[in-house]
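Coordinate analysis (summary)
Each chain is listed here by its residues.
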Amino acid sequence: MAKKKIDFGTLPREGYVYSLYRGHMIRLAFAVAALAAILIWSLSGTWPTLKSRLFPSGSVDMAALSEVPIPEVTEDPQRTAFYADHIESERFWLQDSCYRLDVSLESVDQVLWSSDAATVYRCTAEGRPILVAADAVPAVGIPSKAVFYAVPAQLIYDLRAYEDLQTLPTYLADLRDVEVAYESSDSVQLIIFAPIVLLAVIYWLLLLQDSRRHPIYRQLGRYGLPVSDIVASIDQEVAAGQLAEQSNKLLATTSWNFKKTAFMTTIFKNTAPADLQKGRNDNE
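Reading the values: the criteria
Residues numbered from 1 in each chain as written. Predicted model: local features only at pLDDT ≥ 70, side-chain atom pairs only at ≥ 80, totals over all residues. Heavy atoms only, no water. Helix = DSSP H or I, 4+ residues; strand = E, 2+ residues; numbered from the N terminus. Rg over C-alpha atoms; globule rule 2.2 N^0.38 Å. Contact = heavy atoms within 4.5 Å. Areas by Shrake-Rupley, 256 points an atom, 1.4 Å probe, with all protein chains shown as cover. Lys, Arg positive; Asp, Glu negative; His and termini not counted. Charge placed at Lys NZ, Arg CZ, Asp CG, Glu CD. Phe/Tyr/Trp six-rings, centres within 6.5 Å; stacked < 30°, edge-to-face > 60°. Buried < 20%, exposed > 50% of the residue type's maximum accessible area, 1.4 Å probe, protein only. 1 Å grid on protein atoms, 1.4 Å probe; cavity = no way out; pocket = protein on both sides within 12 Å on 5 of 7 lines; lining within 4 Å. Points joined across faces, edges and corners; volume = space filled by probe spheres on them. Nonpolar A, V, L, I, M, F, W, Y, C, P; charged D, E, K, R; others polar. Patch = residues over 30% accessible without salt bridge, like charges linked within 9 Å, V, L, I, M, F, W, Y side chains within 5 Å. Salt bridge = Lys/Arg side-chain N within 4 Å of Asp/Glu carboxyl O. Core = buried A, V, L, I, M, F, W, Y, C linked by side-chain atoms within 4.5 Å.

1. Details of the overall build of the protein
The helix and strand tally for the protein stands at seven helices and twelve strands. At 32 Å, the protein has a C-alpha radius of gyration far larger than the 19 Å of a compact globule built from 284 residues. Its C-alpha atoms put the protein at 90 × 40 × 35 Å along the principal axes. The contacts in the protein between residues at least 6 apart in sequence include a share of 70% that link residues at least 24 apart. About 15900 Å² of surface is accessible on the protein, with carbon and sulfur atoms providing 56% of the total. Looking at the protein, you have 26 positive and 33 negative side-chain charges, and the mean spots of the two groups are 18 Å apart.

2. Quick notes on the packing of aromatic side chains
Applying the stated criterion to the full structure yields eight aromatic pairs. Judged by centre distance (5.7 Å) and plane angle (50 degrees), the rings of Tyr-21 and Tyr-217 are tilted. Taken together, the positions of Tyr-21 in helix α1 (residues 16-54) and Tyr-217 in helix α5 (residues 215-218) put the pair 196 residues apart, joining distant regions of the chain. Each of the two residues, Tyr-21 as well as Tyr-217, counts as buried.

3. Thoughts on empty space enclosed by the protein
Throughout the structure, instances matching the rule amount to one cavity of 30 Å³ or more. Of the voids in this model, the largest cavity is the one considered here, and its volume is about 30 Å³. Lining the largest cavity are Ala-81, Phe-82, Tyr-83, His-86, Ile-87, Glu-88, Tyr-149 and Arg-176. Residue classes in the lining of the largest cavity are distributed as five nonpolar, one polar and two charged.

4. With respect to a negative patch on the surface
Taken together, the side chains of Asp-61, Glu-67, Glu-106 and Glu-126 make up a negatively charged region of the molecular surface. Note on Glu-67: relative accessible area 63%, which makes it exposed.

5. Comments concerning the nonpolar core
One recurring pattern in soluble globular proteins is that nonpolar side chains are buried together. Phe-82, Leu-131, Leu-155 and Leu-172 are the most contacted members of the largest nonpolar core, which totals 26 residues. It is helix α3 (residues 153-158) that provides the largest number of residues to this core, a total of three residues. The residues contacting Leu-155, other than those within four sequence positions of it, are Ala-81, Phe-82, Trp-113, Val-120 and Leu-172. By size, the runner-up hydrophobic cluster in this structure holds 25 residues, among which are Tyr-16, Leu-20, Val-238 and Phe-258.

Written out as structure tokens, the structure reads:
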């Protein structure tokens, strides 16, 4: 069965019904803008993750990375130095907005620390010492993908007896195949959220471009008359003050009932007293 075509006529750009449409569009605009702002904020925080996974930027700059030595930690932080399933750090070494970078080790000098989650080696890269966290003995002479981040305070405290500790850079290379924080779940949430925001923006633009698409006008097509004529009748009753009931969420004229929400107003013909009572009950 073919869908009945609605005769909209020429919809007015003033009057009570238009004010309802305009109010809903303004509130929808604020909602869409808020969603877009959240998406932009999420992208700014997630971009290093996406960049690191999809567009890694080459080898780490060892000279720049080695400029800041490991700080001194005198009190036991009593924290976990390494997690077995993810990397947590407050400070990553970013290079071209990327934290997964290549490093070529020239030597693996000694084991300094070990736990079930990681083993920490003192290594040499480009003639400079560096701490490396790995699951097994790191490969030498070939580029390996690593995440560079500030040496955990707990590890610094545990290595406090190592006499050359303060000569090492404050960033270590983590060669383990684990997530940074929980980047896969963050990426999945972003992949789901981005299309929702895009659809909301497209929907708002379509309603703005052609008001006939808005449900507030489309619902009036069920009465078999040009929608513009119905709108004119409603506007006339409201302008004449023919109000039988009025509140924040419910308005009734002689012939029409209006149930209001933030983004939509349901309009139905007041053909019997029961209709008005139904509106009151729903509003309560």
